[in-house]
Amino acid sequence: MFGIHWLNGRKLVEKQTSELALLSEVVAAARRCAADVSSRHRGNAPDSFKIFNETGRELGQYTLL
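Worth saying up front: this structure is predicted, and the values here are computed from it rather than measured.

Draft legend 1. Spatial organisation of the overall build of the chain. The number of helices and strands found in the chain is one helix and four strands. When the helices and strands of the chain are read in sequence order from the N terminus, they spell out β-β-α-β-β. For 65 residues, the compact-globule formula gives about 11 Å, and the C-alpha radius of gyration of the chain, at 11 Å, lands near that figure. Summarising its shape, the C-alpha atoms of the chain cover approximately 30 × 20 × 15 Å along the three principal directions. Across the 65 residues of the chain, 34% fall into the buried class. In the chain, of all internal contacts separated by at least 6 residues, the share reaching a separation of at least 24 is 48%. Accessible surface, the chain: about 4,200 Å² in total, of which carbon and sulfur atoms supply 50%. Across the chain, the centroid of the 9 positively charged side chains sits 7 Å from that of the 7 negatively charged ones.

Draft legend 2. A look at the side chain of S18. Of note, S18 is situated in strand β2 (residues 11–18). Taking the relative accessible area as the measure of exposure, S18 reaches 11% and is therefore buried. With sequence-adjacent residues up to four places away left out, S18 is seen in contact with M1, F2, I4 and V26.

Each value, and the rule that gives it
Residues numbered from 1 in each chain as written. Predicted model: local features only at pLDDT ≥ 70, side-chain atom pairs only at ≥ 80, totals over all residues. Heavy atoms only, no water. Helix = DSSP H or I, 4+ residues; strand = E, 2+ residues; numbered from the N terminus. Rg over C-alpha atoms; globule rule 2.2 N^0.38 Å. Buried < 20%, exposed > 50% of the residue type's maximum accessible area, 1.4 Å probe, protein only. Contact = heavy atoms within 4.5 Å. Areas by Shrake-Rupley, 256 points an atom, 1.4 Å probe, with all protein chains shown as cover. Lys, Arg positive; Asp, Glu negative; His and termini not counted. Charge placed at Lys NZ, Arg CZ, Asp CG, Glu CD.

This is how it looks when you write it as structure tokens:
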């Protein structure tokens, strides 16, 4: 399981979890749902997201284009 933290700058906008097995799948899925997350947070839309593993270790930060 992975955790996804949606960020606007350094500010946490929303948290999600993913049960996908591979980090690359989680990143691709997060990019696909970025527009939905942005629409829920008008005026404070995320500009990046971080992925964490089940122990809380940060695996990467990804910028939205």
